[in-house]
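If you want the building blocks of each chain, they are given just below.
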Amino acid sequence: MLDNIQMNILREVAELDALPTGAYNIRANGQGAARNTTANIDIITKQDKPGIDIFIKLGTKNESVHIPVVISETGLKDLVYNDFYIGADCDVTIIAGCGIHNCGNQESRHDGIHTFHLGKNAKVRYIEKHYGTGTEDRGKNVMNPETIVFQEEGSSLLMETTQISGIDDTYRMTSATLAQGAQLTVKEKIMTTGEQTAKTNFVVDLNGADSKVNLQSRSVAKDHSHQYFDSKINGNAPCAGHSECDAIIMDSATVEASPSLTANNIDAALIHEAAIGKSAGEQLIKLMTLGLTEKEAEEQIVNGFLK
Amino acid sequence: MLELQHISFAVDGSKEILRDINLKVEDRFVAITGPNGGGKSTLAKIIAGIFQPTEGRILLDGEDITNLSITQRANKGISYAFQQPVRFKGLRVRDLLALAAGGSTDINQACGYLSEVGLCARDYIDRELNDSLSGGELKRIEIAMTMARNTKLTVFDEPEAGIDLWSFNNLIRVFEKMNEKIHGSIMIISHQERILNIADKIIYLKEGRLAQYGTRQEVLPQLLNTDSTCSVLADKLQ
Ligand SMILES: Nc1ncnc2c1ncn2[C@@H]1O[C@H](COP(=O)(O)OP(=O)(O)OP(=O)(O)O)[C@@H](O)[C@H]1O
Ligand SMILES: [Mg+2]
């Protein structure tokens, strides 16, 4: 079914050595490659466009869904729509991830559009890892993930996204609408090197009373790479919004942050913090006085920062 | 043994911060004291290789280390506990203790170092060295890191600053214990009479010059008697 290259990618993006337990849908080179459903989790292929609908029965607890995507064919442009319907009171983990192995000279590309409908008091942990690899003179690896979230009352979503290497160009869009008491936490980690660019854009509407969002972006930009962080939090009710962009720039990389906060309610408490700077000289010096070389010190600082 | 020969340090080619410092550190406990801005931390940074002297030579056990990098000096056995410890986002206390110990991560040992500086290992070992730690906690972790390094020469830059009284006594015990173990030298920059009192020798740095260097018995009485010339110190010793 999956060849060695594809298995390697799977390991990188989903930490899988074999087929996962629980529900899964593995997509390889634009086609469904393997699927499993459980009594509580159903996966159905869309009829009108590429992609799947995932239905999780209300009250489902401690189950997981893996939906990794692997691309190993150069020049493949893959567009997929995955819609999640998560029933009330669920407590589940969803692991998505996309890896591209590009050994040709053409651009390989994956655009994944994920929509999440969280029912009342549902609790979801969503983990997404993006990874690219291939030969030196390969074509570009491009990923443009879009995540659209609808959270009903009292639901909570923890979204952890990681993109550490091999993606040349990415534009990540995340939008969320939160009802009363809903909570959203996003932890984003990005590292760009070479000539890569990464753009990330968040729009969060806090519509319900006591809804809460916490966006945390940590990134490292090396070489000539460029990153752009754009966030927009709209407080439309008594709510709490916090966004934080923390970036280390190295070499001749550039990072832009353009956060915006809009309070449409007198009891909306919104905060943004942004810190962009070179990895502090003091930190390097401290680690060197412990016996590390400058390069080792830098690695420790960057790894710790993105851990 | 550390030897400084004609060490001078100037910034921007003009302002002289240290001037012709000559000294040998042979004793186990050497305190460095003197008024604020006198050049103590600068001297420590020159020893650790963070600053390069504009003139002079530094010898460690007879070897000229003047042109060695910070890393090379660290590996030759020099440790430096900063006056202002550095905070790290994402690195935990255990990570830094492991790096300090040269990569080995013996958790029991790491816990031992923390206990010695009066921190409950269980509460601290997994904490990040970020802004959430208090100044005194950070200072103690900085000391624990130099203990983990276990090198023949350690320079502490005002280790007692910000540390409460109870721990102060323990701190002195920590130094004594380190001394027993390393058979090397500990240099402590301090304004505290209690630390000067345990020193074999005292270095008095003022306006970038080595104003005095001698045994505690020789130097201390003079320091306590001078009036305006070292009012900063005298104030602190009242
Ligand atoms: N990079 C620099 N550029 C300019 N001046 C500097 C620099 N580094 C240190 N100095 C100055 O050199 C002098 C000595 O500083 P140093 O930090 O060594 O003093 P210190 O004796 O450790 O003082 P304290 O007791 O306050 O810690 C001070 O006047 C300081 O302002
Ligand atoms: Mg100082």
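Read on for a plain summary of the structure. Values in this document were obtained by computation on a predicted structure and should not be read as measured data.

1. Re the coordination of the magnesium ion (ligand 2)
Six octahedrally arranged donors around a metal ideally form angles of 90 or 180 degrees; four tetrahedrally arranged donors ideally form angles of 109.5 degrees.
Right, so step 1: Around the magnesium ion (ligand 2), the protein supplies Ser41(B) (OG) and Gln83(B) (OE1) as donor atoms, at distances of 2.0 to 2.2 Å. Linking Ser41(B) in helix H1 (residues 40-48) with Gln83(B) in the loop between strand S6 (78-81) and helix H3 (93-100), this pair joins segments that are 42 residues apart in sequence.

2. Thoughts on the interface of chain A and chain B
Right, so step 1: Between chain A and chain B, the contact holds 19 residues from the first and 24 residues from the second.
Right, so step 2: Overall, the association of chain A and chain B removes approximately 1,800 Å² of surface from exposure, summing both partners, and the carbon and sulfur fraction of that is 64%.
Right, so step 3: Of all residues in chain A, Lys286(A), Thr289(A) and Leu290(A) bury the most surface against chain B, accounting for 35% of the area lost on that side.
Right, so step 4: Scanning the region where chain A abuts chain B turns up three salt bridges.
Right, so step 5: Ionic pairing is found between Lys89(B) and Asp246(A), a salt bridge with its closest N-O pair at 2.5 Å.
Right, so step 6: Where chain A packs against chain B, one counts nine residue pairs in polar contact (both at pLDDT 80 or more).
Right, so step 7: Counting residues per element, the ones that place at least two in the side of chain A that touches chain B are helix H2 (281-289) and helix H3 (294-306) of chain A.
Right, so step 8: Top contributing element to the side of chain A that touches chain B by residue count: H2(A), with seven residues.
Right, so step 9: Per-class residue counts for the side of chain A that touches chain B are seven nonpolar, six polar and six charged.

3. What about the sheet that holds strand S18 (residues 239-249) of chain A?
Residues and elements named next belong to chain A.
Right, so step 1: Strand order in this open sheet of 10 strands is S2-S1-S5-S7-S9-S12-S14-S16-S18-S20, and the pairing throughout is mixed. For this open sheet the edge positions go to strand S2 (31-36) and strand S20 (268-278), each flanked by a neighbour on one side alone. Averaged over all adjacent pairs, the angle separating strand axes in this sheet is 5°, with direction ignored.
Right, so step 2: Docked against the sheet, H3 engages strand S12 (156-165), strand S14 (183-192), strand S16 (211-221) and S18, running at close to 160° with respect to S16.

4. So, the environment of Glu55(B)
Residue and element names in this part refer to chain B.
Right, so step 1: One can find Glu-55 in strand S4 (residues 55-60).
Right, so step 2: Sequence-wise, Glu-55 and Ile-7 are 48 residues apart; in three dimensions their C-alpha atoms are separated by 5.5 Å.
Right, so step 3: Residue contacts for Glu-55: discarding those within four places in its chain leaves His-6, Ile-7 and Ser-8.

5. Things to note about the pairing of strand S7 (residues 91-102) of chain A
Residues and elements named next belong to chain A.
Right, so step 1: Most of S7 is tucked away: 10 of the 12 residues are buried.
Right, so step 2: Note: strand S5 (residues 61-71) against S7, 10 bridges, orientation parallel. From the neighbouring strand, Lys-61 faces S7, where its bridge partner is Asp-91.
Right, so step 3: Pairing of S7 with strand S9 (residues 123-134) involves 12 bridges; the strand directions are parallel. Bridging from a neighbouring strand, Ala-96 pairs with Glu-128 of S9.

6. A few points about unusual backbone geometry
Right, so step 1: Phi at Asp251(A) takes a positive value of approximately 55°, unusual for a residue other than glycine.
Right, so step 2: Of note, the phi angle at Asn150(B) is positive, near 60°, even though the residue is not glycine.
Right, so step 3: Positionally, Asn150(B) belongs in the loop between helix H6 (135-149) and strand S7 (153-157).
Right, so step 4: On the basis of relative accessibility, which here comes to 40%, the residue Asn150(B) falls in the partly exposed class.

7. Considerations on H3(A)
Residue and element names in this part refer to chain A.
Right, so step 1: The terminal C-alpha atoms of H3, which comprises 13 residues, lie 18 Å apart, in line with the 18 Å expected from a rise of 1.5 Å per residue.
Right, so step 2: Among all positions of H3, only Ala-297, Ile-301, Val-302, Gly-304, Phe-305 and Leu-306 are buried.
Right, so step 3: Along its buried surface, H3 packs onto S12, S14, S16, S18 and H2.

8. Comments concerning the pattern of salt bridges
Right, so step 1: Under the criterion given, the structure shown has 24 salt bridges over all chains.
Right, so step 2: Residues Asp78(A) and Arg27(A) are paired through a salt bridge, measuring 2.8 Å at the closest nitrogen-oxygen approach. Residue Asp78(A) is found in strand S6 (residues 77-86), and its partner Arg27(A) is found in strand S1 (residues 23-28); the two are separated by 51 residues along the sequence. The burial state of Asp78(A) is the same as that of Arg27(A); both residues are buried.
Right, so step 3: Across the salt bridge formed by Lys177(B) and Glu116(B), the nearest N and O atoms sit 3.3 Å from each other. Of the two residues, Lys177(B) sits in helix H7 (residues 165-182) while Glu116(B) sits in helix H4 (residues 107-116), which places them 61 residues apart along the sequence.
Right, so step 4: A residue is classified by how much of its surface remains accessible, and Glu116(B), at 28% relative accessible area, is partly exposed.

9. Observations concerning a nonpolar patch on the surface
Right, so step 1: Taken together, the side chains of Ile44(A), Phe55(A) and Tyr85(A) define a hydrophobic patch exposed on the protein surface, amounting to about 240 Å² of accessible area.
Right, so step 2: In this structure, Phe55(A) sits in strand S4 (residues 51-56).

10. Side note on the nonpolar core
Right, so step 1: Membership of the largest hydrophobic core comes to 85 residues, with the highest contact counts inside it found for Leu287(A), Leu2(B), Leu4(B), Ile47(B), Leu96(B), Leu114(B) and Met187(B).
Right, so step 2: Each residue touching Leu96(B), except ones within four places of it in the same chain, is listed here: Leu287(A), Leu290(A), Phe88(B), Leu91(B), Leu129(B) and Met145(B).
Right, so step 3: Val65(A), Phe84(A), Val149(A) and Val213(A) belong to the second-largest nonpolar core, a separate cluster that totals 38 residues.

Parameters and conventions
- Residues numbered from 1 in each chain as written.
- Chains lettered and ligands numbered in written order.
- Predicted model: local features only at pLDDT ≥ 70, side-chain atom pairs only at ≥ 80, totals over all residues.
- Heavy atoms only, no water.
- Donors = N, O, S within 2.8 Å, 3.2 Å for Na, K, Ca; no water.
- Helix = DSSP H or I, 4+ residues; strand = E, 2+ residues; numbered from the N terminus.
- Contact = heavy atoms within 4.5 Å.
- Buried area = accessible area lost by both parts, 1.4 Å probe.
- Salt bridge = Lys/Arg side-chain N within 4 Å of Asp/Glu carboxyl O.
- Polar contact = N/O pair within 3.5 Å; in protein donor to acceptor, adjacent residues only side chain to side chain.
- Nonpolar A, V, L, I, M, F, W, Y, C, P; charged D, E, K, R; others polar.
- Pairing = 2+ DSSP bridges.
- Axes fitted to C-alpha atoms, helices over the stretch in contact; angles between N-to-C directions.
- Buried < 20%, exposed > 50% of the residue type's maximum accessible area, 1.4 Å probe, protein only.
- Expected span 1.5 Å × (residues − 1).
- Patch = residues over 30% accessible without salt bridge, like charges linked within 9 Å, V, L, I, M, F, W, Y side chains within 5 Å.
- Areas by Shrake-Rupley, 256 points an atom, 1.4 Å probe, with all protein chains shown as cover.
- Core = buried A, V, L, I, M, F, W, Y, C linked by side-chain atoms within 4.5 Å.

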